[in-house]
Every structure is written in structure tokens, then in C-alpha cells.
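The chain contents come next:
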Amino acid sequence: MRKYEIMYILKADLDEAARKEEIAKLSKIITDNGGKVEETSEAMGLRELAYPINKETKGYYVVLKTLMDNKAIDEFNRLVRIDAKVIRHLIVNLDK
């Protein structure tokens, strides 16, 4: 398994409970597919977007540091693309 960093932006209009539920749901996708979430950071929190994305001007940033394989990455990508609560996501390989 390789180390990855995943950043995703949730819709700003989610309340605290819905946001926590969505973060847990997205982390569970990784663990259910054999990956491991080492760290979850919400330090960036709610921010103004540089440009509107699907008419959204604000978003809630979340960063995950994970260990996972290609199966977990493919499934995470597939499910995040159809999730209406996620505005954008990016997966970066930390292994060099």
C-alpha cells in the first residue's frame, strides 16, 4: 500500500452533524476497501473559493492522510464523483 493525501471540499451549507456524517462516510469508503486513514484534518475549515464551482462560492476543506491501494482509490473516486455534497476532490501520492 502507498501513502496518499486526499483533499476534498464539502458544500458550505451542511450543518455540523451532516458534515461529520459525510466525513465519516468518506473515510469508511477507504477502510471498507482495505485502506487505512491515518489522519483527518479539518484545519482549513470553511473558506471562500477562488472561483465559483457549480454556483458554490464557499466550501469546507477536509484533508485525509491515508494508506491505500488502487482498489480503494478507484472506489473512492467513483463514489465521490456521484456524491452531491462533495464539490471537488484531489488525491496526491506521497510516496516518491
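Summarised in this report is the structure supplied together with it. If you're wondering where the values come from, they're calculated on a predicted model, not measured in any experiment.

A few points about the overall build of the chain
Now for step 1: For the chain, the helix and strand inventory stands at two helices and four strands.
Now for step 2: Sequence-ordered secondary structure for the chain, helices as α and strands as β, is β-α-β-β-α-β.
Now for step 3: Computed over the C-alpha atoms, the radius of gyration of the chain is 13 Å, within 12% of the 12 Å expected from 2.2 N^0.38 for a compact globule of 96 residues.
Now for step 4: If one aligns the C-alpha atoms of the chain with their principal axes, the spans along those axes are about 35 × 30 × 25 Å.
Now for step 5: Considering the chain as a whole, with its 96 residues, one finds that 39% of them fall into the buried category.
Now for step 6: Entry remark: accessible area of the chain is about 6000 Å², with carbon and sulfur atoms responsible for 49%.

Here's the deal with the nonpolar core
Now for step 1: In terms of nonpolar packing, the biggest core is built from 19 residues, with Ile6, Tyr8, Leu10, Leu26, Val62, Met68 and Phe76 touching the most fellow members.
Now for step 2: Put simply, the parts of the chain that give this core at least two residues each are strand S1 (2-11), helix H1 (16-32), strand S3 (56-68) and helix H2 (70-82).
Now for step 3: The leading source of residues in this core is H1, at five residues.
Now for step 4: Apart from residues lying up to four places away in sequence, Tyr8 is in contact with Ile23, Leu26, Tyr60, Tyr61, Val62, Leu64, Phe76, Val86, Arg88 and His89.
Now for step 5: Judged by nonpolar contacts, the second largest core, of five residues, contains Ile9, Leu49, Tyr61 and Ile87.

Criteria and cut-off values
Residues numbered from 1 in each chain as written. Predicted model: local features only at pLDDT ≥ 70, side-chain atom pairs only at ≥ 80, totals over all residues. Heavy atoms only, no water. Helix = DSSP H or I, 4+ residues; strand = E, 2+ residues; numbered from the N terminus. Rg over C-alpha atoms; globule rule 2.2 N^0.38 Å. Buried < 20%, exposed > 50% of the residue type's maximum accessible area, 1.4 Å probe, protein only. Areas by Shrake-Rupley, 256 points an atom, 1.4 Å probe, with all protein chains shown as cover. Core = buried A, V, L, I, M, F, W, Y, C linked by side-chain atoms within 4.5 Å. Contact = heavy atoms within 4.5 Å.

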